[in-house]
Amino acid sequence: MNGGYRLHYAPDNASLIVRLALEELGAPYQTVLVDRRARAQKSSAYLALNPAGLIPVLETPDGPVFETGAILLWLADRHGALVPAPGDPERAVVLKWLFFLSNTLHPALRMIFYPDQYAGADRAMQAALRAHMQGEAVRHLDMLDRAADAHPALFSGAAPGVIGLYLGPALRWAALYPAGDTDWFDLSRWPRLGALARDLEARDSTRAAIAAEGLGDQPFTAPEHPDPPEGAAL
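Attention here is on the structure that accompanies the text. (Residues numbered from 1 in each chain as written. Predicted model: local features only at pLDDT ≥ 70, side-chain atom pairs only at ≥ 80, totals over all residues. Heavy atoms only, no water.)

**Things to note about the pattern of salt bridges**
On inspection of all chains with the given rule, the structure shows eleven salt bridges. Between D62 and R78 there is a salt bridge; the shortest N-O distance is 2.4 Å. Separated by 16 residues along the polypeptide, D62 in the loop between β3 (57–60) and β4 (63–66) and R78 in helix α3 (residues 68–79) bring together distant segments of the chain. For D62, a relative accessible area of 53% corresponds to the exposed category. A residue is classified by how much of its surface remains accessible, and R78, at 40% relative accessible area, is partly exposed. Beyond isolated ion pairs, a larger network of salt bridges with shared partners links D145, D149 and R192. (Salt bridge = Lys/Arg side-chain N within 4 Å of Asp/Glu carboxyl O. Helix = DSSP H or I, 4+ residues; strand = E, 2+ residues; numbered from the N terminus. Buried < 20%, exposed > 50% of the residue type's maximum accessible area, 1.4 Å probe, protein only.)

**Quick look at the sheet that holds strand β1 (residues 5–9)**
An order of β2-β1-β3-β4 is seen for the four strands of this open sheet, with the pairing classed as mixed. Strands with a single pairing partner mark the edges of an open sheet, and in this sheet they are β2 (29–33) and β4. Put simply, the sheet's adjacent strands are angled 25° from each other on average, direction ignored. Bridge count between β3 and β4: four bridges; the pairing is antiparallel. Across the sheet, E59 pairs through a bridge with P64, a residue of β4. Those strands touched by helix α1 (residues 15–25) are β1, β2 and β3, and its axis lies near 155° from that of β1. (Pairing = 2+ DSSP bridges. Axes fitted to C-alpha atoms, helices over the stretch in contact; angles between N-to-C directions. Contact = heavy atoms within 4.5 Å.)

Below you can see the structure in the form of structure tokens.
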């Protein structure tokens, strides 16, 4: 591709995290809507970019990059922002919590949202998995709130790096999905994460994402189901 980036996205999906990062960086990019209703993420053309068939993919001059954490780290290192530089002792702190978000919290949320993909068709097993993973997600968020207390600059929403940009959408999704079964989540339990979410809402990057994906005025602290101007959020 010639210059810029091409973000394959669906509204209110993990691509939102990458959109926020691109906006924070001021990097030029185009978007390509992935129609989840048509299962376009499983099409042969999309699988050629991401054989896992998941959203997002970022097309770059170095080729397509997938996995949200990998995209964030690639962008951060390419642009020299959002992550402490190699040699900075705080880089280790950021990397361990970035991978905790991508490898631990995010999969826990996916199991809450899509228990059928992990427990099969049995409704009782789905309910049991969802309840268990809700408890696990609470435990993970407790850990993240303590980490935010210990490392406030790295868990910032006012000057966000990769951790803040990942956490804002994750908190949003926990409050919204699945509809009718979010009583386990109360942002007030995690005051430091709540502060991060409030600060992130004031960023120009968030305003751009709100306009592009129909996320409502307080997408991280008082989220509403999206009303995207194009496509569907499923």
